[in-house]
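# Working through the structure, step by step
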Amino acid sequence: MAQNRDMQHIIQTVKEKYAPDRRVEVFDVTASQHSDTLVLKGEATSKAAYQEIVSEAEKMARLVKNGIRLLPDDVIGEKKWGVIYNSVEKLHLGNSYGSETVSEALLGMPVKLLDKKGGWRRVQTPEGYIGWVSDAIKTMTEAELHEYNKKPKVVVTGLYALSYEEADVKSQTVSNLVIGDMLVLRGAKGRFYQVTYPDGREAYIQKSEAEELKKWLEDIEFTQESIVKTAKQFMGIPYVWGGASSKGLDCSGFTKLVYFLHGVILQRDASQQALTGKLVDETGDFSKLQPGDLLFFGTKATKENPKERVVHVAIYIGNKRFIHASDYIQIGSLDPVDPLFDKYNTHRYLRAKRIIGEVNTKGIEAISESVFYK
């Protein structure tokens, strides 16, 4: 029993070392003692964590039965990658529609496959976030994904769009689309792009609602003004828990999408985004802020509650005003004399972080540099 207790302590230590955030690492390992055999069970995505657990167990016990799955494993097979083929696909905490929605993935987004149960797959998105999606993925080998990523594509630039069977808006629709979706470009016909979905469907989309991806990436204006302009496109869109698309947005889904539309991949949640970027202010000196900075809100650490809680994020737009997802995408102010003064969030302000100028630092990655898109 003492051996088992020691192993449980080691497991907890390894978890804190390699997988402290369950949103980006799977680590669910247990140990039990059966006669003179130490039995390990569970699953993990960190190879280093897996190896350390097994190594420590073998030092501790004469016999070890290792039942830990290092994900992805043979359950997935050779095709350990995939591309989302629905306009927006919800990521769930568990492998059922009844489980909590934790995020969303856009059409054309490459994902890493970690596990499979029935018609559900556990995936990891380009920012590292882990969740379960229904069968809405075109699965691929690593080589197939590389070939797919080389193909010319278009990105949807309209908040909402439709694709059609013919180069005619009166023809049968193929699906709805949202801003940020990406499809393979096959050609053009008049005012339409001819495109292919990851699952093979063919369609046409109006050129006024999309742009060739290569040109889009080359022409992006990544400035304070462009961040504010893009953010304001979403005004009035309702708050949706787990939302990360123009169909509905939560606070960090909103900031993540705005920066994605500038070719930048941010971390998924506010508490994760707060650990990235350049610190601009944490004293309430709003004079240091610049448009495009991320503002974080929550509960400060105290003696009674030593752990800080970051629960909300917004984008600063200038003049002590910010735009954020709260009921719907709206503008608030840090200035008590402003008619848009947001007393609640001003009183729980924690700090501001700058993303502009910090691309390709920890937690902030250019799409063009992401291994998922290469």
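Structural notes, computed from the coordinates. (Residues numbered from 1 in each chain as written. Predicted model: local features only at pLDDT ≥ 70, side-chain atom pairs only at ≥ 80, totals over all residues. Heavy atoms only, no water.)

## Looking at the sheet that holds strand E23 (residues 309-318)
Pairing in this open sheet of six strands is antiparallel, and the strands run E21-E26-E22-E23-E24-E25 from one edge to the other. Here the strands that pair on one side only, and so sit at the sheet edges, are strand E21 (278-281) and strand E25 (328-333). For this sheet, the mean inter-axis angle between neighbouring strands, taken without regard to orientation, is 35°. The strands that helix H5 (residues 224-232) touches are E23, strand E24 (321-326) and E25; relative to E23, the one it contacts most, it runs at about 110°. (Pairing = 2+ DSSP bridges. Helix = DSSP H or I, 4+ residues; strand = E, 2+ residues; numbered from the N terminus. Axes fitted to C-alpha atoms, helices over the stretch in contact; angles between N-to-C directions. Contact = heavy atoms within 4.5 Å.)

## Some words on the sheet that holds strand E1 (residues 27-34)
One open sheet holds the three strands; their spatial order is E1-E2-E3, and the pairing between them is mixed. Edge positions in the sheet fall to E1 and strand E3 (63-70), since each has one partner strand and no second. Across the sheet, the mean angle separating the axes of adjacent strands is 10° when strand polarity is ignored. Pairing of E1 with strand E2 (residues 37-44), which is carried by eight bridges, proceeds in the antiparallel orientation. Bridge pairing in E2 links Gln33 to Leu38. Against the sheet, helix H2 (residues 47-60) makes contact with E1, E2 and E3, and its axis sits at roughly 170° relative to E3, the strand it touches most.

## Overview of the nonpolar core
Of all hydrophobic cores here, the largest spans 60 residues; its most connected members are Phe234, Phe254, Leu294, Ile315, Ile323, Ile329 and Tyr373. Of the residues forming this core, the biggest block, six residues, is contributed by helix H6 (residues 251-260). Non-local contacts of Tyr373, meaning those with residues more than four positions away in its chain, are made with Met109, Pro110, Pro126, Asn149, Met182, Phe260, Ile265 and Ile367. (Core = buried A, V, L, I, M, F, W, Y, C linked by side-chain atoms within 4.5 Å. Buried < 20%, exposed > 50% of the residue type's maximum accessible area, 1.4 Å probe, protein only.)

## Notes on the layout of surface pockets
Its boundaries defined by the atoms lining it, the largest pocket holds a volume of some 1400 Å³. Taken together, 45 residues form the lining of the largest pocket, with Asp21, Arg23, Asp269, Ser271 and Gln272 sitting closest to its centre. Breaking the lining of the largest pocket down by element, the ones donating at least two residues are E1, strand E6 (101-106), strand E9 (130-133), H6, helix H7 (270-273) and E23. Split into classes, the residues belonging to the lining of the largest pocket amount to 18 nonpolar, ten polar and 17 charged. In this structure, the second largest pocket occupies an estimated 370 Å³ of space. In terms of lining residues, the second largest pocket is bounded by 14 residues, among which Trp216, Thr230, Gln233, Leu261 and His262 are the most central. Where the lining of the second largest pocket is concerned, the elements lending two or more residues are helix H4 (213-219) and H5. When residues in the lining of the second largest pocket are grouped by element, the largest group, three residues, is from H5. (1 Å grid on protein atoms, 1.4 Å probe; cavity = no way out; pocket = protein on both sides within 12 Å on 5 of 7 lines; lining within 4 Å. Points joined across faces, edges and corners; volume = space filled by probe spheres on them. Nonpolar A, V, L, I, M, F, W, Y, C, P; charged D, E, K, R; others polar.)

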